[in-house]
Amino acid sequence: MTPPDMRLALLAFSAVLSALASPATAQDREVPYWASIRATELNMRVGPSADYKIAWVYRRAGLPVRVVRVMEGWRLIEDPDGEKGWVVARLLSPDRTVIVSEGEPAPMRAAPSASAELKWRLEAGVTGTLGECSSGWCELRLDDRQGWVEADRLWGDDED
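These numbers were taken from a predicted model, which means no experiment stands behind them. (Residues numbered from 1 in each chain as written. Predicted model: local features only at pLDDT ≥ 70, side-chain atom pairs only at ≥ 80, totals over all residues. Heavy atoms only, no water.)

Turning our attention to the state of the cysteines. Evaluation of the coordinates by the stated rule reveals one disulfide. Put simply, cysteine 133 and cysteine 138 are joined by a disulfide, and their sulfur atoms are 2.1 Å apart. Disulfide cysteine 133 to cysteine 138: torsion about the S-S bond roughly 115 degrees, handedness right-handed. The exposure class of cysteine 138 is buried, given its relative accessible area of 0%. (Disulfide = S-S within 2.5 Å. Buried < 20%, exposed > 50% of the residue type's maximum accessible area, 1.4 Å probe, protein only.)

What characterises a pair of aromatic rings is the spacing of the ring centres plus the angle enclosed by the ring planes. Taken as a whole and judged by the stated rule, the model has two aromatic pairs. Ring centres of tryptophan 34 and tryptophan 155 lie 4.9 Å apart, and the angle between their planes is 85 degrees; on these two criteria the pair is classed as edge-to-face. Note that tryptophan 34 is positioned in strand E1 (residues 33–37) and tryptophan 155 in strand E14 (residues 154–155), a separation of 121 residues in sequence. Looking at tryptophan 34, the relative accessible area reads 5%, which means it is buried. (Phe/Tyr/Trp six-rings, centres within 6.5 Å; stacked < 30°, edge-to-face > 60°. Helix = DSSP H or I, 4+ residues; strand = E, 2+ residues; numbered from the N terminus.)

Once that is clear, we can look at unusual backbone geometry. A negative phi holds for most residues other than glycine; trans holds for most peptide bonds. Backbone torsion omega between valine 31 and proline 32 reads 0 degrees, so that peptide bond is classified as cis. Along the chain, the position of proline 32 falls in the loop between helix H1 (3–26) and E1. The phi torsion at serine 135 lies on the positive side, around 50 degrees, for a residue other than glycine. The exposure class of serine 135 is exposed, given its relative accessible area of 75%.

If you trace the backbone, arginine 153 turns up in the loop between strand E13 (145–150) and E14. Through-space distance from the C-alpha of arginine 153 to that of alanine 124 is 8.9 Å; in sequence the pair is 29 residues apart. Setting aside residues up to four positions removed in sequence, arginine 153 forms contacts with Ile99, Val100, Ser101, Glu102, Gly103, Glu104, Pro105 and Ala106. At 2.6 Å, the side chain of arginine 153 forms a polar contact with the backbone oxygen of glutamate 104. (Contact = heavy atoms within 4.5 Å. Polar contact = N/O pair within 3.5 Å; in protein donor to acceptor, adjacent residues only side chain to side chain.)

Bringing the environment of alanine 55 into the picture now. Tracing the backbone shows alanine 55 in strand E3 (residues 54–58). Among the residues examined, alanine 55 registers a relative accessible area of 42% and is labelled partly exposed. Expressed as a C-alpha distance, the spacing of alanine 55 and arginine 45, which sit ten residues apart in the sequence, is 5.1 Å. Ignoring sequence-local partners within four residues, the contact set of alanine 55 consists of Met44, Arg45 and Val46.

Okay, structure coming up:
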């Protein structure tokens, strides 16, 4: 093989190796990080294997969780109630969601200001897709509704 052909072959080989490594690399995120439940039913286990006992069953797609540890195809998560356990990684989504914290209904406003027009009042436990956050306010989308909620009324909005 001539030197230019050798370089071309090495370049092609590197591209193939890079493409094969990408899926594994994509799952190697620095912890902690935020995710949400992708599945309509998700088993939380006491250890990182299907051989471990089920501690909890989630039946709520879109629920925000905090990933605190990574082990092969498993993730140790913390839920909004502070419970921790292991779940299969493929049943989590990288989509950022938040949940309205306990207490009085949280005002959802038209703009990030306490004086902005009140659009809705959100009960504790309502989940939505997280938009941008700044100055103590986060943009929240709930199906076809969108508005701003004070960040201290949400769980899952912290930057990790």
